[in-house]
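In case you want the letters, here they are:
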Amino acid sequence: MAGTALVVGASGIVGSATASLLQARGWTVHGLARRPVDQPGVHPVAADLQDAAGTAAALADLRPDAVFITTWLRQKTEAENIRVNAAMVRNLLDALRPGGSTQHVALVTGLKHYLGPFEAYGKGKLPQTPFREEQGRLEVENFYYAQEDEVFAAAARDGFSWSIHRPHTVIGKAVGNAMNMGTTLAVYATLCRETGRPFRFPGSAAQWNGLTDMTDARILAQHLLWAATTEAAHNEAFNIVNGDVFRWSWMWGRIANWFGIEPAPFDGTLRPLEEQMAGDAPLWRRIAEREGLAEPDLGRLASPWHTDADLGRPIEVVTDMSKSRRLGFTAYQPTDEAFFDLFGQLRADRLIP
C-alpha cells in the first residue's frame, strides 16, 4: 500500500531516512520541520508545533493517510520536556483532525522508556535486560509517556491506529541534530587523527565490557513503514534495533581502523567527550576551511553530551526484538556496517575529510 505520508521532523536522522524510504516505495511524502531543508521529492511543510494556530494553518490542506512523528525538543527540565513535547504532539494531531484522513500514527520514542529521562537516566529500580515491551512504564515522570498518552487519546477520539517505536541509539545522517552518536564519533576520530590525541573510549567499564545494540535509521524507517501497513502491528508498542549485539571493546577498534588510527587502551576511566572536545570548535573550523567541508560549525555536527549519556551508563543495555519478529518483521543490519556506511556518506557529502 502506498499513500500520502506526513513525516514530522523530516530533516532529522530518523525523519530523513523515513522520508527517503517512503518515496522509494511510491508514497507521496510531505516533510514537516520548523525550518525545512531541501529533500528531493519531499514536499516541505514549515511549522512550529509549539504554535497550535500556526500548525493548524500549515496543515489545513493536507490529507495524510499515515503520520510519522520523529521529532522532539530538548528542554532544561523533565517537567518542561513533558509540557513542550506533549503539546507538540497534541497540536499536530488537533491540526490534522478536521481533514479526517489519518489512518495511522507512528510515534518514535526510545529506550528512555525503560531507562528513565535524562534527569534520572539509568538510576533507581530499572527493569531487567533485555528490555521487553511488556515491562511497561517506570514510576517516574517521562516525556515519552506524555507523548504516548497524547497519541492514545487522539486515536481513541479520532479512530486511527497507532504504533510506538523504541529504538536504541540511532545511527544515521543529519546536521544540527541533538542526538547524533555516529557523526559525533566520526568528528572525534577526525580530530584525534588531526592532532595525534589518543582515540579514547569516553564511557564506562559497563559499556566497554557489556553487551549492547544500536538502531540504524534505515532499519527504523523500515519498521515504521511495516507497522503502518501491517494490521497485526497496529495499536502496539515495539522495540526496534539492528538485530545484532556487540561490545564496545570490539567496536571501538573497528571504528578506529576505519579512520586509520589506533584505539587507545581502555583503563576504566570515564573521559567524557563533552570535556575532551570542549575547545575543539576553532580547530574544526580550520579543518573545514582547509578541506572544503560543508559544515564548519562543530556544534551542528557533534552532540558529545548525548554520546556521553549513552556510553557512560553504568548498566548493560540490550533490547529484545521478539515481538516484532513474531509478527513478521525480519529486517537485520550489522551495526559495524551501519557505522561504516554512515562514515562513507559523511565523507561523500563533505561533512568529514
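Relevant structure appears above.
Keep in mind it's a predicted model, so treat the numbers as computed, not measured.

1. Overview of the packing of aromatic side chains
At step 1: Here the structure, examined in full by the defined rule, presents 21 aromatic pairs.
At step 2: Taken together, a centroid distance of 4.9 Å and an interplanar angle of 20 degrees make the contact between Tyr114 and Phe131 stacked. Taken as a pair, Tyr114 in helix H4 (residues 112-115) and Phe131 in the loop between H4 and helix H5 (143-158) lie far apart in primary sequence, 17 residues in all.
At step 3: Given a relative accessible area of 0%, Phe131 falls into the buried group.
At step 4: Among the aromatic side chains, those forming a connected cluster through ring pairs are Tyr188, Phe199, Phe201, Trp208, Phe246, Trp248, Trp252, Trp258, Phe259, Phe266, Phe339 and Phe343.
At step 5: Over the ring of Trp305 we find Arg74; its NZ or CZ atom is 3.5 Å from the centre of that ring.
At step 6: Here the guanidinium or amino end of Lys112 rests over the ring plane of Trp72, the centre of that ring lying 6.0 Å away.

2. Some thoughts on helix H14 (residues 335-348)
At step 1: Its 14 residues place the ends of H14 20 Å apart at the C-alpha level, agreeing with the 20 Å of an ideal helix rising 1.5 Å per residue.
At step 2: When we look at burial in H14, the residues that qualify are Thr335, Asp336, Ala338, Phe339, Leu342, Phe343 and Leu346. One face of H14 carries all of its buried residues, which in axial projection span an arc of 160 degrees.
At step 3: Close packing links the buried residues of H14 with strand S7 (170-171), helix H6 (181-195), strand S9 (215-216), helix H8 (217-229), strand S11 (246-247) and helix H9 (248-258).

Analysis parameters
Residues numbered from 1 in each chain as written. Predicted model: local features only at pLDDT ≥ 70, side-chain atom pairs only at ≥ 80, totals over all residues. Heavy atoms only, no water. Phe/Tyr/Trp six-rings, centres within 6.5 Å; stacked < 30°, edge-to-face > 60°. Helix = DSSP H or I, 4+ residues; strand = E, 2+ residues; numbered from the N terminus. Buried < 20%, exposed > 50% of the residue type's maximum accessible area, 1.4 Å probe, protein only. Lys NZ or Arg CZ within 6 Å of the ring centre and 35° of its normal. Expected span 1.5 Å × (residues − 1). Arc of directions from axis to C-beta. Contact = heavy atoms within 4.5 Å.

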